[in-house]
Amino acid sequence: MVFYLSIVCYIASVIIALALMIIGKKMTTAKFLVLCGLHGLTLLLFVLFSILRNETDPVSSPNFTFMLYICSGVCLTGLVWRISIPLLLRVYLSIFALTFPLFIFSPSMLVNFLLTTHYTDTLGKTFQVNGAHFLEQQNSWSHASVTLKYKLIVKKGIFHQTLARDLDFNGPLDSIHTLSFEVGKKAQIRGYRHQETFVSTGIDSIELTVPMINRKVNQLERKLTP
């Protein structure tokens, strides 16, 4: 849910930027500076939140203040070339326009950046199954053992093809071992994870046979799914 909410917020900021580009020519410099002041407040909130937040697990505590800071900057990019403002401020706000090609290149990487300040395609663990086939955490924003699931993908450059979803290993994995692999047919994977109790620590494992779904070429998808 957090992932898709972030997508909506970013797209909304782009739409606002385009609207301001069209109708914002008559905005006075004073009003624009007020908007810049509100944008500056989001930066202050981000700095304060970064100091106070628990950095031991940034994935489980997404940084919404950074997303507000970036999205508010994106909104203001629609005005920087429409009204008269100081050159330094114009250059600063133009930097936010760089998020446009980043979003086109990989929406999931941009959203991870907005919520964690880390520009990466996935925040969860990824395990190589065979060649370009990987087991990837399906939902980067839910680490509860009852909801954490994986998907089998094949990487093709900046694209990936999902072959199987909702693979349940009864919790987060520490490692895997590929028992057998038949391209386009199935993969037999054993997943290992540490299991701790009050009296002992051991290693639990579960074996899954994953059928591979052959998709058509036009079903190749961008990295939009978290």
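Scroll up to find the structure this text is about.
Remember, predicted model here, so these are calculated numbers, not experimental data.

Trainee: Now, about the pairing of strand S1 (residues 126–130): what can you tell me, with residues and values included?
Mentor: Pairing analysis gives 4 bridges linking S1 to strand S2 (residues 133–137), with the strands arranged antiparallel. Pairing of Asn130 across the sheet is with His133, part of S2. In this structure, the hairpin formed by S1 and S2 is closed by a connection of 2 residues, where Gly131 is found at a positive phi of approximately 60°.

Trainee: Any chance you could break down unusual backbone geometry for me, citing the residues and the numbers?
Mentor: In this model, Asp166 sits at a positive phi of 55°, which is unusual for a non-glycine residue. If you trace the backbone, Asp166 turns up in strand S4 (residues 159–167). Although it is not a glycine, Asn170 sits at a positive phi angle of roughly 60°. Among the secondary structure elements, Asn170 is positioned in the loop between S4 and strand S5 (175–182).

Trainee: Give a detailed account of the packing of aromatic side chains, specifying residues and quantitative values.
Mentor: Applying the stated criterion across every chain yields a total of 8 aromatic pairs. Measuring from centroid to centroid gives 5.2 Å for Tyr10 and Phe103, while their planes differ by 35°, and the two rings are tilted. Placement of the pair is Tyr10 in helix H1 (residues 2–23) and Phe103 in helix H5 (residues 99–105), with a sequence separation of 93 residues. The interplanar angle of 50° and the centroid separation of 5.0 Å between the aromatic rings of Phe46 and Phe66 together place this pair among those described as tilted. Of this pair, Phe46 sits in helix H2 (residues 29–52) while Phe66 sits in helix H3 (residues 64–76), and the two are 20 residues apart along the sequence. On the accessibility criterion, Phe46 (16% relative accessible area) is buried. Exposure remark for Phe66: the relative accessible area of 7% places this residue in the buried category. Each residue in the set Phe46, Phe66, Tyr69, Tyr92, Phe96 and Phe113 is aromatic and connected to the rest through ring pairs, giving one cluster.

Trainee: Please give an account of a nonpolar patch on the surface that cites residues and values.
Mentor: Residues Val34, Leu38, Leu41, Leu43, Leu44, Val47, Leu48, Ile51 and Leu52 make up a contiguous nonpolar surface patch of about 860 Å² in total accessible area. Tracing the sequence through the fold places Val34 in helix H2. A relative accessible area of 53% places Val34 in the exposed class.

Criteria and thresholds
- Residues numbered from 1 in each chain as written.
- Predicted model: local features only at pLDDT ≥ 70, side-chain atom pairs only at ≥ 80, totals over all residues.
- Heavy atoms only, no water.
- Pairing = 2+ DSSP bridges.
- Helix = DSSP H or I, 4+ residues; strand = E, 2+ residues; numbered from the N terminus.
- Phe/Tyr/Trp six-rings, centres within 6.5 Å; stacked < 30°, edge-to-face > 60°.
- Buried < 20%, exposed > 50% of the residue type's maximum accessible area, 1.4 Å probe, protein only.
- Patch = residues over 30% accessible without salt bridge, like charges linked within 9 Å, V, L, I, M, F, W, Y side chains within 5 Å.
- Areas by Shrake-Rupley, 256 points an atom, 1.4 Å probe, with all protein chains shown as cover.
- Salt bridge = Lys/Arg side-chain N within 4 Å of Asp/Glu carboxyl O.

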